[in-house]
Amino acid sequence: LVKLKIDNVYKEYQGRNGKVVALNGVSLDIAENEFICVVGPSGCGKSTLLNIIAGLLEPTSGAVYLDGKQIEGTGVERGVVFQQYALFPWRTVIKNVMFGLEMKKVPKDKAEEIARKYIKAVGLEGFEHSYPKELSGGMKQRVAIARAYAANPEVLLLDEPFGALDAQTRVQLQTELLNTWEQEKKTCFFITHDVDEAIILAQRVIIMSARPGRIKRIVDIDIPYPRT
Ligand code: ADP
Ligand code: ADP
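As annotated in an unreviewed UniProt entry, the protein chain carries the name ABC-type quaternary amine transporter and comes from Marvinbryantia formatexigens DSM 14469.

Here it is, written out as structure tokens:
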């Protein structure tokens, strides 16, 4: 079942020295509940592709379909986690995680119950009433992931969410993300330039080549990577 269809996406920017082709005809079918990692050198168009899927950027040509329907504009159905995902600084952890649920008008009691479940899943039980500034970088990314999951998006879009973290925290968060994904399947589109990270997380690794942005190879990771 194709959840997300990227159909011949082409994107050019107007740069200072003329136009820059960021994506030059990218097509990819992503199955429901599949975990995809996109790797490739800086500038190969990874973020551009993610932003187009998120509806934050319009492709110059081509289209993206979610459940067969063309994506237009942003929507709560796509949860996005960026490398430095700005949490609302004036909101506590639980209020941050409840944000997407509030937008969907989920009753407060229910929203709180769901938020607590995901806060626990990312190992932040006890920090519900802390503010982002009281948390470490790894903890903030955990909050961002809990918030994305809590909103129950159709697709989770992650742009180097662990890129700014130290190696130990990074491995911990990879494991937590995988555990969450295994318990509660979700279609994940994860950008990284860490090949190890891609192999650990993904079912398929999409390798992009720089200039102009194209898919160079798709690697099936059919043997589960050993984890402790
Ligand atoms: P990646 O995420 O793989 O590093 P990007 O999607 O950020 O790649 O960028 C792809 C290409 O598009 C790069 O050559 C980059 O310089 C260019 N680019 C990205 N954003 C803009 C922009 N707003 N204006 C002009 N060029 C851009
Ligand atoms: P403003 O409209 O003044 O930018 P917002 O309340 O929309 O203020 O956003 C405040 C901060 O929260 C921004 O840094 C923004 O990136 C982030 N933000 C905006 N929308 C969301 C969202 N849906 N989920 C999480 N963070 C968001």
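Bringing the packing of helix 5 (residues 137-150) against helix 6 (residues 167-183) into the picture now. One way to put it is that helix 5 packs onto helix 6 with a least axis distance of 11 Å and a crossing angle of 15 degrees. It follows from the interaxial angle that helix 5 and helix 6 lie roughly parallel. In the crossing of helix 5 with helix 6, the sense of the turn from one axis to the other is right-handed. Contacts between helix 5 and helix 6 pair Gly138, Gln141, Arg142, Ile145 and Tyr149 from the former with Thr169, Gln172, Leu173, Glu176, Leu177, Thr180 and Trp181 from the latter. Looking at side-chain class alone, the contact of helix 5 with helix 6 contains 5 nonpolar, 5 polar and 2 charged residues.

Turning our eyes to something else, we now look at the nonpolar core. By size, the foremost hydrophobic cluster in this structure holds 39 residues, and its most contacted members are Phe35, Val97 and Phe190. For this core, the elements supplying multiple residues, two or more each, are strand 3 (35-39), helix 2 (93-97), helix 4 (108-121), helix 5, strand 7 (155-159), helix 6, strand 8 (187-191) and helix 7 (195-201). In terms of residue count, the dominant contributor to this core is helix 5 (8 residues). Those residues in contact with Val97 that lie beyond four places of it in its chain are Ala115, Ile119, Val143, Ala146, Arg147 and Ala150. Counting 24 residues, the second-largest nonpolar core is a separate cluster that includes Ile6, Leu49, Leu157 and Ile191.

Below, the discussion takes up the confidence of the model for the protein chain. For the protein chain, mean pLDDT is 89; residues scoring 70 or higher make up 92% of the total. Confidence, read as mean pLDDT per element, is least for strand 6 (residues 78-82) in the protein chain (67) and greatest for strand 3 (96). What the predictor reports for the complex is a pTM of 0.81 with an ipTM of 0.66.

Here is what the cut-offs are and how they apply
- Residues numbered from 1 in each chain as written.
- Chains lettered and ligands numbered in written order.
- Predicted model: local features only at pLDDT ≥ 70, side-chain atom pairs only at ≥ 80, totals over all residues.
- Heavy atoms only, no water.
- Axes fitted to C-alpha atoms, helices over the stretch in contact; angles between N-to-C directions.
- Helix = DSSP H or I, 4+ residues; strand = E, 2+ residues; numbered from the N terminus.
- Parallel < 35°, antiparallel > 145°, perpendicular 65-115°, else oblique.
- Left-handed = near helix turned anticlockwise from the far one by under 90°.
- Contact = heavy atoms within 4.5 Å.
- Nonpolar A, V, L, I, M, F, W, Y, C, P; charged D, E, K, R; others polar.
- Core = buried A, V, L, I, M, F, W, Y, C linked by side-chain atoms within 4.5 Å.
- Buried < 20%, exposed > 50% of the residue type's maximum accessible area, 1.4 Å probe, protein only.
- pLDDT = per-residue confidence, 0-100.

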